[in-house]
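# Commentary on secondary and tertiary structure
So you can see what is in the structure, the chains are spelled out below.
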Amino acid sequence: MKGHHHPSAITGLFLATICLLLTVANAYTHYRLPTSIQPDRYKLKVITHLENPANLTFNGQVSIRFLVLEDTKNITLHVQNLTIDESRIQLKRYANKKIQLCTEGTQTVSEQDYYIIHLHETLRKGEMYKIKLFFSGILNEKLHGYYRSSYVAKDTNETKWLSVTQFEPASARAAFPCLDEPNYKAKFVIWLGHHKSLTALSNMPLEKQIPVNGINDFVWSIFEESVPMSTYLVAYTVNDFTYKESKVEGSDVVFRTWSRGGYIDQCDFASEVGPNVLKYYEEIFGIPFPLKKVDEIAIPDFSAGAMENWGLITYRETALLFAPNISSESNKERIAEVIAHELAHQWFGNLVTMKWWTDLWLNEGFATYIASLGVRNLSPEWDSYNADSLENSLSIFRRDAQLSSHPISQPILNTSQIGERFDSISYKKGSAVLRMLHMLLSQDGFFEGVRDYLTKHKYQNAEQDDLWSAFTEKAHKFNRIQPEYDMKTIMDSWTLQTGYPLVKVNRNYETGTIDITQHRYLENNTISEEEAKKCWWVPLSYTTNSELDFETTTPKKWLECDESGKSVPLQLQNVAAANEWIIFNIQLSGVYRVMYDFDNWILLNATFNSDKYDTIHVMNRAHILDDVISFAWSGYQDYDIAFDIMEYLTKEREYLPWKSALDGLSNVIRLLRPFPEQHAYIKTYLRYIIQPIYLNLDGLNNTIETSKSHSQILLKSLVTGWACRIELEDCVRTAINYFQQWKLSKNPDTENSIPADLRSTVYCTAIRHGDKDDWDFLWQRYKASNVATEKRTIIVSLGCSRNDKVLRDYIDLTFDKAEYIRKQDVTFAFSSIARSEVGAPIARNYYAENIAHLHEFFGTQSTDIGKLLVALSNQIITTEELNKLTQLVEANKQYFEKSEKSVQSAYETINFNIQWIGRNVQDMKTRLHDRLSLMGLLKDIVGE
């Protein structure tokens, strides 16, 4: 119809109306921005008002200089919860700044946060333009975007307010208009207007301060122009904090560790860790850190653990602040790990960023794995590398055995799906797969590949195929894979499909052959046709008890997939004599479980239950324990093999096997709790297993001197926690005694002689066996404490009570805005209540009755509603309760949009709980009764 005119004005008007309607109806609604413009530089000026607590606001202006990549008649930006002054929008050609171009109105598409500016004339490809917008907003309470936080100053009892940003994944748009996708990297010049008595920080060093015209006592803090970066890494804060400065020899980067005034003495440990880890990364990556400074700041209200904003890293107080003699050894390790993780992001994520959130794991998996190397370099005596590797494997072996899991790299088709992707698959499975790659390629091959990848893509964006091409080259150079293999084929099998393989090893003891096959390992032990087709490229490392080579982690063979993606069975000849065992997956270097034939289990059991158990590497002892307990849990094998092998634990003195076994058994104890006889049996069995190590570690007595190793301290925390849970008499008595002594002290807030590493056990045990007076005492200590790690320990311990009324009051108080538990900590309180037999129904009812309030409490961006649901699901064991929960979710679908995966996982957990109980409750009764009878332990059970 182009060029055809109607004479009728009415028709023209009608057509214009139709056109307008069409424009609105055909609004651009795709979840990704149009690709017509590329921002090059933002100049952002923001004034923050913290003077009036009833009206905490900000206002500002942003100028975006951009290049036009395709002719366009509109500019589409992201804006969320901001007021834009439409009368002041300015658009100019960059070459001719005098002439203003006309706009023809604006339009919003709220589901994608689009703010579309329609233009009078076409912007031409290849030209630069500059758009300026004026905006204002409220400093929100939801812990994302540009938000408020506060604390009460100890000396004056006065509430102090601060402002801070949290933009990842998609909340820069809630602070200023921008193109809020990771591939739109640009430079930023930031001006922060604030009261002169406060400090402003941003990504870059401060350049100068000048007065703000028209506002008394306000100054502009003007920061240097930034390196090119994604919007989600922009950060700024206005506060009244103090800092500790640090740097190390051989590096020019200055660190400042910031906290609220009264907490500055808790910054010492972090200020030491940061510069040392950063220097190590500069060495191994061969790329210097591009900024002159790093500010690390502990924020009182903070939703994530920490955020890697370039040059201004924000933390929860628990993740940065360490109080000697109050914070525990595991707090110390966690702080080192978080700092190392965030600093690794300065290269993986900041310097090289994923093109889109589909490949989030390139950020998180890498930062998690590299951090374990960073901490190992910082404190090799901790043996944290193996502990981290085991922890990651245990976590994903559970989550990834569920049908509701997802691939490491999976398309994200809406911004609402991004939040849930910050999960154990992206972080821990991503890390485990990179560790597998590191062990396959060796140190030189791995780090040469990493350096090439970072150098090639610095200040740009990449996807996982870019990584595979860097690694293929090194794998061939160092002869780590056959010439016809490539890393993309191998690694795609690990990153593009859900799950991991169960490798089945079947030996023929007469002919000496070993047949090896694979299929997906599923917790519920069912395999659909779809799942049966899956195949992984599995690196097979192995050793025997005559060889005992637990150091060679490189694969001797591969389980391969053919061209159609089917698994190719493998047969090995004469690897082991008929009377010796074989162990696959040396040091748990691969992400797979191993199921042996019955006779190989018998041979392994004989070594485990002999004084030669420690000839098997500690990582393999831990792995085998986890496998046998999991095979029994999922019905692949019965519980006899697991119980037989576990009996060797009476001799085990290392942390990792205990961690593995007790993690695996916690589920069994949980599901047997409602069945008094079975519960008594399993507790008696566990007391028998744990008593020797408990006594070896001197129980709950305070004998942890500085000479004790880090892993022995962790072992003591773990074992005593369990000993008190299964009511080993000495443990409970000692814990209660510690607590009562503390209650009698003159000033309990400064005089607490309970060893830091045993506090969680002592507090929980004393509250579980105590009364309301004990609970109130600990609650007062929570309110008075100025150590975040201690406050977290107390929050969890308060949920250990078995008093119905106390727990009801606690759950109300948890979600009461006027109270003392910060929003980021409520999930810890709720989960602790939901874990106990008395608390589970209270937590369920509260959740059902207050679902709308909870959604409002956390805010629409949060995935916490899903996290609470997962905590509840672990305790649900009847079809009736499952139906109630399903009805609740169905009736309130709008609250679960950000938690789809959590909902699926919760249903799957409950269905499995019901199935497990049906299969095991009677069987456990007989099996444990007979075992305890043989061991002469039945007399220990009341009523037997």
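Reading the values: the criteria
Residues numbered from 1 in each chain as written. Predicted model: local features only at pLDDT ≥ 70, side-chain atom pairs only at ≥ 80, totals over all residues. Heavy atoms only, no water. Helix = DSSP H or I, 4+ residues; strand = E, 2+ residues; numbered from the N terminus. Buried < 20%, exposed > 50% of the residue type's maximum accessible area, 1.4 Å probe, protein only. Areas by Shrake-Rupley, 256 points an atom, 1.4 Å probe, with all protein chains shown as cover. Lys, Arg positive; Asp, Glu negative; His and termini not counted. Charge placed at Lys NZ, Arg CZ, Asp CG, Glu CD. Phe/Tyr/Trp six-rings, centres within 6.5 Å; stacked < 30°, edge-to-face > 60°. Domains from an automatic or database assignment. Contact = heavy atoms within 4.5 Å. Buried area = accessible area lost by both parts, 1.4 Å probe. Salt bridge = Lys/Arg side-chain N within 4 Å of Asp/Glu carboxyl O. Polar contact = N/O pair within 3.5 Å; in protein donor to acceptor, adjacent residues only side chain to side chain. Nonpolar A, V, L, I, M, F, W, Y, C, P; charged D, E, K, R; others polar. UniProt positions renumbered as here; feature names shortened; annotations may be inferred. Axes fitted to C-alpha atoms, helices over the stretch in contact; angles between N-to-C directions. Parallel < 35°, antiparallel > 145°, perpendicular 65-115°, else oblique. Left-handed = near helix turned anticlockwise from the far one by under 90°. Expected span 1.5 Å × (residues − 1). Pairing = 2+ DSSP bridges. pLDDT = per-residue confidence, 0-100. Arc of directions from axis to C-beta.

Broken down by element type, the protein chain carries 26 helices and 31 strands. Each principal axis of the C-alpha atoms in the protein chain carries an extent, and together these give about 100 × 75 × 65 Å. For the protein chain, the residues scored as buried account for 60% of the 944 residues in total. For the protein chain, the exposed surface amounts to about 37,300 Å²; the carbon and sulfur share of it is 49%. When the 99 basic and 118 acidic side-chain charges of the protein chain are each reduced to a single mean position, those positions are 5 Å apart.

For the rest of this paragraph, the subject is the packing of aromatic side chains. In total, this model carries 63 aromatic pairs according to the counting rule given. When the ring of Tyr-500 is compared with that of Tyr-521, the centres are 5.8 Å apart and the planes differ by 20°; the resulting orientation is stacked. Of this pair, Tyr-500 sits in the loop between α8 (487-495) and β23 (501-507) while Tyr-521 sits in the loop between β24 (513-520) and α9 (529-532), and the two are 21 residues apart along the sequence. The two residues Tyr-500 and Tyr-521 agree in class, both being buried.

On to the domain arrangement of the protein chain. Along its sequence, the protein chain is carved into domain 1 (33-240), domain 2 (352-496) and domain 3 (500-620). Centre-to-centre separation of domain 2 and domain 3, based on C-alpha positions: 23 Å. With 23 residues of domain 2 at the contact, the number on the domain 3 side is 27 residues. Together domain 2 and domain 3 conceal approximately 2,300 Å² of surface at their shared face, both sides included; 66% is due to carbon and sulfur atoms. On the surface where domain 2 and domain 3 come into contact, there are zero salt bridges. In this assembly, domain 2 and domain 3 are joined by ten residue pairs in polar contact (both at pLDDT 80 or more). When residues of the side of domain 2 that touches domain 3 are traced back to their parent elements, those giving at least two are α5 (384-399), α6 (424-457) and α8. Looking at the side of domain 2 that touches domain 3, its residues break down into 14 nonpolar, six polar and three charged.

Moving on, we come to the pattern of salt bridges. On inspection of all chains with the given rule, the structure shows 61 salt bridges. Between Lys-355 and Glu-463 there is a salt bridge; the shortest N-O distance is 3.4 Å. In this pair, Lys-355 sits in the loop between β21 (352-354) and α4 (360-378) while Glu-463 sits in the loop between β22 (460-462) and α7 (464-477), placing the two residues 108 residues apart along the sequence. You can call Lys-355 partly exposed: its relative accessible area is 36%. For the salt bridge of Glu-881 with Lys-884, the shortest nitrogen-to-oxygen distance reads 3.5 Å. Of this pair, Glu-881 and Lys-884 both sit in helix α25 (residues 879-891), three residues apart, roughly one helical turn. Given the relative accessible area of 19%, Glu-881 is considered buried. We classify Lys-884 as partly exposed; its relative accessible area is 47%. Within the structure, one salt-bridge network assembled from shared partners comprises Asp-638, Asp-640, Asp-644, Glu-647, Asp-923, Arg-927 and Arg-931.

Per the UniProt record, "active site" (unreviewed entry) is found at Glu-342. Take Glu-342: it is sitting in helix α3 (residues 329-345). Once residues within four sequence positions are removed from consideration, Glu-342 is found in contact with Ala-306, Met-307, Glu-308, Ile-313 and Tyr-315.

Moving on, we get to the packing of helix α17 (residues 759-768) against helix α19 (residues 788-798). Across the interface, α17 lies against α19 with an axial gap of 8 Å and an inter-helix angle of 30°. If you check the angle between α17 and α19, you find them roughly parallel. Handedness of the crossing formed by α17 with α19: right-handed. Residue-level inspection shows Arg-759, Ser-760, Tyr-763, Cys-764 and Ile-767 of α17 in contact with α19, the latter providing Glu-790, Thr-793, Ile-794, Ser-797 and Leu-798.

The subject of this paragraph is α4. Owing to its 3.6 residues per turn, the α-helix aligns residues three or four sequence positions apart on the same side. A rise of 1.5 Å per residue sets the reference length of α4, with its 19 residues, at 27 Å; its end C-alpha atoms lie 27 Å apart and thus fit the reference within 8%. For α4, the tally of buried residues reaches 16 of 19 residues, placing the bulk of the element in the interior.

Both strand β13 (residues 206-211) and strand β14 (residues 218-223) contribute to a ladder of five bridges, which runs antiparallel. Along β14, the bridge assignment pairs Gln-209 with Ser-221. Counting the residues in the hairpin turn of β13 and β14 gives six residues, including Gly-214, whose phi is positive at 85°.

Next up on the list: the packing of helix α21 (residues 826-835) against helix α22 (residues 839-849). Following both chains from N to C, one finds α21 and α22 inclined at 130°, their axes separated by 5 Å at the closest point. The orientation of α21 relative to α22 falls into the category oblique. Within the contact between the two elements, α21 uses Phe-830, Ile-833 and Ala-834 and α22 uses Gly-839, Ala-840, Ala-843 and Tyr-847. Of the residues that constitute the contact of α21 with α22, the class distribution is six nonpolar, one polar and no charged.

This brings us to the environment of Gly-193. Note on placement: Gly-193 falls in strand β11 (residues 187-195). For Gly-193, a relative accessible area of 0% translates into the label buried. Along the primary structure Gly-193 and Val-219 are separated by 26 residues, whereas in three dimensions their C-alpha atoms are 5.5 Å apart. Sequence-distant contacts of Gly-193, defined by excluding residues within four places in its chain, comprise Val-46, Ile-47, Thr-48, Val-212, Phe-218, Val-219 and Trp-220.

Moving on to the confidence of the model for the protein chain. Put simply, the protein chain has an average pLDDT of 93, and 96% of its residues get 70 or more. Scored below 50 in pLDDT, residues 2-25 shows four contacts in the model against residues more than four places distant or in partner chains.

We now examine the sheet that holds strand β9 (residues 145-152). Spatially, the four strands line up as an open sheet ordered β9-β10-β15-β12, and their pairing is antiparallel. Two strands lie at the open edges of the sheet, namely β9 and β12 (199-202), each paired on one side alone. The sheet shows a mean angle of 15° between the axes of neighbouring strands, direction not considered. Two strands pair when backbone bridges link them, and strand β10 (residues 159-166) and strand β15 (residues 236-239) are joined in this way by two bridges, in the antiparallel orientation. Of the residues in β15, the one forming a bridge with Val-164 is Thr-237.

Now for helix α10 (residues 598-608). By the burial criterion, the buried members of α10 are Asn-600, Trp-601, Leu-604, Asn-605, Thr-607 and Phe-608. The buried residues of α10 occupy one face: seen down the axis, they fall within an arc of 160°. Structurally, α10 contributes buried residues whose contacts are with β23, β30 (582-584), β31 (593-596), α11 (618-633) and α12 (639-646).

Attention shifts here to unusual backbone geometry. In this model, Glu-168 is joined to Pro-169 through a cis peptide bond whose omega is 5°. Of note, Pro-169 is situated in the loop between β10 and β11. Positioned with a positive phi, Leu-143 is a non-glycine residue whose angle comes to about 70°. For Leu-143, the position within the fold is in the loop between β8 (128-138) and β9. Positive phi values are uncommon outside glycine, yet Ser-442 reaches one of about 70°.

Here the focus is the environment of Arg-653. Here Arg-653 lies in the loop between α12 and α13 (655-672). When its relative accessible area of 28% is taken as the criterion, Arg-653 is described as partly exposed. In the structure, Arg-653 is positioned 277 residues away from Asp-930 in sequence and 28 Å away in space, judged by C-alpha atoms. Apart from residues no more than four positions distant in its own chain, Arg-653 is found in contact with Tyr-613, Pro-692, Ile-693, Asn-696, Gln-712 and Leu-715. From its side chain, Arg-653 meets the backbone oxygen of Thr-650 in a polar contact 3.2 Å long.

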